[in-house]
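Chain residues, written in single-letter form:
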There are 2 protein chains.
Amino acid sequence: MNFKEQLSEMAELVNQQLDLLVPVKDNKQKVIYEAMRYSLLAGGKRIRPVLALAYADILGVDRDFVMPFACALEMIHTYSLIHDDLPAMDNDDLRRGRPTCHIKFDEATAILAGDALLNKAFEVMSEACNNMPENMKTRGIAMMAQVAKCSGSEGMIGGQVIDLDSEGKDVDMDTVLTLHKHKTGALLTAPACIAVSAAGMEDTIEAEHIFEYSEATGLAFQVKDDILDVEGDTEKMGKAVGRDAKQDKRSMTVLIGIDSCKNMLDELTVKAVKCAEFFGDKGNFLKDMADYLLKRDN
Amino acid sequence: MNFKEQLSEMAELVNQQLDLLVPVKDNKQKVIYEAMRYSLLAGGKRIRPVLALAYADILGVDRDFVMPFACALEMIHTYSLIHDDLPAMDNDDLRRGRPTCHIKFDEATAILAGDALLNKAFEVMSEACNNMPENMKTRGIAMMAQVAKCSGSEGMIGGQVIDLDSEGKDVDMDTVLTLHKHKTGALLTAPACIAVSAAGMEDTIEAEHIFEYSEATGLAFQVKDDILDVEGDTEKMGKAVGRDAKQDKRSMTVLIGIDSCKNMLDELTVKAVKCAEFFGDKGNFLKDMADYLLKRDN
């Protein structure tokens, strides 16, 4: 199987689980399930859960063991998009090629669907811990605690706050890097935290390489997003482009220019590939993933 | 110590913990901590965490063991109020006697502060589980899983959805009861779930009485809220009254009349007191609590 086939196979595994974890319901609150599913099953790239599975493969952890946590990351990512798109936030109409949640439903439903997805992520992780054999529960709890930290006010939400606060302001590169490290970086590092804790391999040389890979690709992901916001195509992206300049946000392309961004992206990719090579042939998927994230057009 | 002194001592213990768990921060995202603290430390009644401590006392569980979970409930309750007050939801300006979070800050910050409090609740519970001795972790996980269920789309959020969906519609008593059972009942039952699991006393006669008490007071709480919305005083309540009729919501007073509501409240209180009496003298605090919830004017 080549990389693209592996990637879509893993994404499909994740999609099947998400479909089971947030089912269609026929009760008085069924609209919340419709809204959750509308945004969750809209065909995102599933980068975060796929990375969690890929790291698990490398560290010799059963995919089934990390799957609920991998799915929780996608739920958290999706809820953050729903809330980010709200009129009071980025006010976006288009996401993953479809009307955003508050356009398709209404604002109140979108707020609650986001809340429900965040809550569901922790329901799923708690249940997974509940079902673990006694001697694995410590690992499960560590995994959940790390997800909670990555998604909270010292992680992703912190980044969203810095982002809001930076709008229309003169901000320096330090602030922009802090912003990205939190807003997108934290949840892109979470898959590494999950897999390393699942393996019980904290403080090993393997963990070090996984974390370095995950930080490099996490930042590369955001640099690429900023480049795509300038050079990308709305149709391919499935969301509006050119918004950073329009909203006077300090994206990295505005701050250091698009050429420097491209150099930075190349350097980060080289670094990530090097980390992947540490694992020999087992690192091939991660190598290809770094390359895929470099070249993606959506 | 009389009941009021006990109540305020327990609420004060909770307040001290909440203050520690959501500290003032001086980083780039410090505004989120200000907003979280603004709403969280606004002097609510702390009914949910106090009930968790009271049930723990009765079942012989160390208060310190349940405290993080009790605080998590208050964080979840507060986040739900912040989001409920948003313009797209109930559009309220006043809460706990002060401007609502989105009035004091702005809508985007209020959305994120709510998200951050929900996330923080699970950070706190995961950390608590992390710190438990091996042989108690199973109980910790069970406690967290139950909180997650009570606050999610089959619990509190489900109730908010039914509430939204019922606005301006002809709804029946069955729907209104389902609404209340979810919207306020679920999180008022959570303290019982926490304490019973902390004690490892699922399926005991004691648990049965705790759950029955908690369901009766949970519904009584909402009936009283509906009565106060008609007869209450804005100043004492710390929030706008008369909103149910204004928004044409199907509150219980509209549906069955205020006299029937008062009868229902009395019956539920008698039922709760009977459950409390099962525990003899140890049940005195719960007995007084049922009476307090019956007579409260805010």
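About the thresholds
- Residues numbered from 1 in each chain as written.
- Chains lettered and ligands numbered in written order.
- Predicted model: local features only at pLDDT ≥ 70, side-chain atom pairs only at ≥ 80, totals over all residues.
- Heavy atoms only, no water.
- Least-squares fit on C-alpha atoms with pLDDT ≥ 70 in both.
- Contact = heavy atoms within 4.5 Å.
- Axes fitted to C-alpha atoms, helices over the stretch in contact; angles between N-to-C directions.
- Helix = DSSP H or I, 4+ residues; strand = E, 2+ residues; numbered from the N terminus.
- Parallel < 35°, antiparallel > 145°, perpendicular 65-115°, else oblique.
- Nonpolar A, V, L, I, M, F, W, Y, C, P; charged D, E, K, R; others polar.
- Phe/Tyr/Trp six-rings, centres within 6.5 Å; stacked < 30°, edge-to-face > 60°.
- Buried < 20%, exposed > 50% of the residue type's maximum accessible area, 1.4 Å probe, protein only.
- Lys NZ or Arg CZ within 6 Å of the ring centre and 35° of its normal.
- Salt bridge = Lys/Arg side-chain N within 4 Å of Asp/Glu carboxyl O.
- Buried area = accessible area lost by both parts, 1.4 Å probe.
- Polar contact = N/O pair within 3.5 Å; in protein donor to acceptor, adjacent residues only side chain to side chain.
- Expected span 1.5 Å × (residues − 1).

A. Structural view of the relation of the copies chain A and chain B. By a simple turn and slide, chain A fits onto chain B: the slide is 0.0 Å along the axis, the RMSD is 0.0 Å, and the turn is 180°. What the rotation and shift describe, once combined, is the action of a two-fold rotation axis. A shared binding surface is used by both copies, with 100% of the interface residues of chain A retained as interface residues in chain B.

B. The arrangement of the packing of helix H4 (residues 63-84) of chain B against helix H9 (residues 173-199) of chain B in detail. Residues and elements named next belong to chain B. Contact geometry for H4 and H9: axes closest at 10 Å, N-to-C directions at 170°. Comparing the axis directions of H4 and H9 gives the class roughly antiparallel. Each of Phe65, Val66, Phe69, Ala70, Leu73, Ile76, His77 and Asp84 in H4 lies in contact with H9, whose residues at this interface are Lys183, Leu187, Ala190, Pro191, Ile194 and Ala198. For the contact of H4 with H9, a count of residues per class yields 11 nonpolar, 1 polar and 2 charged.

C. Main features of the packing of aromatic side chains. Scanning the model with the defined rule gives 11 aromatic pairs over all chains in all. The interplanar angle of 55° and the centroid separation of 5.7 Å between the aromatic rings of phenylalanine 3 of chain A and tyrosine 292 of chain A together place this pair among those described as tilted. Note that phenylalanine 3 of chain A is positioned in helix H1 (residues 3-21) and tyrosine 292 of chain A in helix H15 (residues 284-295), a separation of 289 residues in sequence. Across the pair, exposure class does not vary: phenylalanine 3 of chain A and tyrosine 292 of chain A are buried alike. Between phenylalanine 122 of chain A and phenylalanine 122 of chain B the ring centres are 4.6 Å apart and the planes differ by 5°, which places this aromatic pair in the stacked class. Note that phenylalanine 122 of chain A is positioned in helix H6 (residues 107-131) and phenylalanine 122 of chain B in helix H6 (residues 107-130), a pairing that runs across two chains. Using a relative accessible area of 0% as the deciding quantity, one classes phenylalanine 122 of chain A as buried. Members of the aromatic cluster, each reached through a chain of ring pairs, are Phe3, Phe285 and Tyr292 of chain A. The aromatic ring of phenylalanine 221 of chain A is capped on one face by arginine 48 of chain A, whose charged end is 5.8 Å from the ring centroid.

D. Fine view of the pattern of salt bridges. One pass over the structure, following the stated rule, counts 32 salt bridges over all chains. Of the charged contacts in the structure, one is a salt bridge between glutamate 134 of chain A and lysine 137 of chain A, with a shortest N-O distance of 3.5 Å. In this structure lysine 137 of chain A comes out as buried when scored by relative accessible area, which is 5%. Between glutamate 231 of chain B and lysine 262 of chain B there is a salt bridge whose closest N-O contact spans 2.9 Å. Remark: lysine 262 of chain B occurs in helix H14 (residues 258-277) and glutamate 231 of chain B occurs in helix H10 (residues 205-231); sequence separation between them is 31 residues. Since its relative accessible area comes to 49%, glutamate 231 of chain B is described here as partly exposed. Taking the relative accessible area as the measure of exposure, lysine 262 of chain B reaches 32% and is therefore partly exposed. Put simply, Arg46, Glu74 and Arg96 of chain A are held in one network by salt bridges that share partners.

E. Quick peek at the interface of chain A and chain B. Each side of the interface is counted separately: chain A has 51 residues, and chain B has 51 residues. Between chain A and chain B lies a buried interface of about 4,300 Å² when both sides are counted; carbon and sulfur atoms form 65% of it. Broken down residue by residue, the surface that chain A buries against chain B is led by Lys28, Leu112 and Ile141 of chain A, which jointly contribute 15%. Scanning the region where chain A abuts chain B turns up 4 salt bridges. The salt bridge partner of aspartate 174 of chain B is lysine 28 of chain A, with a shortest N-O separation of 3.5 Å. Along the contact surface separating chain A from chain B lie 18 residue pairs in polar contact (both at pLDDT 80 or more). Taken together, the elements giving at least two residues each to the side of chain A that touches chain B come down to helix H2 (30-40), helix H4 (63-84), H6, helix H7 (137-151), helix H8 (156-166) and helix H9 (173-199) of chain A. At 15 residues, the largest contribution of residues to the side of chain A that touches chain B is made by H6 of chain A. Considered class by class, the residues forming the side of chain A that touches chain B number 24 nonpolar, 16 polar and 11 charged.

F. Looking closely at helix H15 (residues 284-295) of chain B. All names here are of chain B. Between its terminal C-alpha atoms H15 stretches 17 Å, which fits the 16 Å expected from 12 residues at 1.5 Å a residue. Turning to H15, its buried residues are Phe285, Leu286, Met289, Ala290, Tyr292, Leu293 and Leu294. Where H15 is buried, its residues meet helix H1 (3-21), helix H3 (47-59), H10 and H14.

G. How the structure looks around unusual backbone geometry. Backbone geometry places arginine 96 of chain A, a non-glycine residue, at a positive phi of 50°. Take arginine 96 of chain A: it is sitting in the loop between strand E1 (94-95) and strand E2 (98-99). In this structure, arginine 46 of chain B takes a positive phi of about 60° despite not being glycine.

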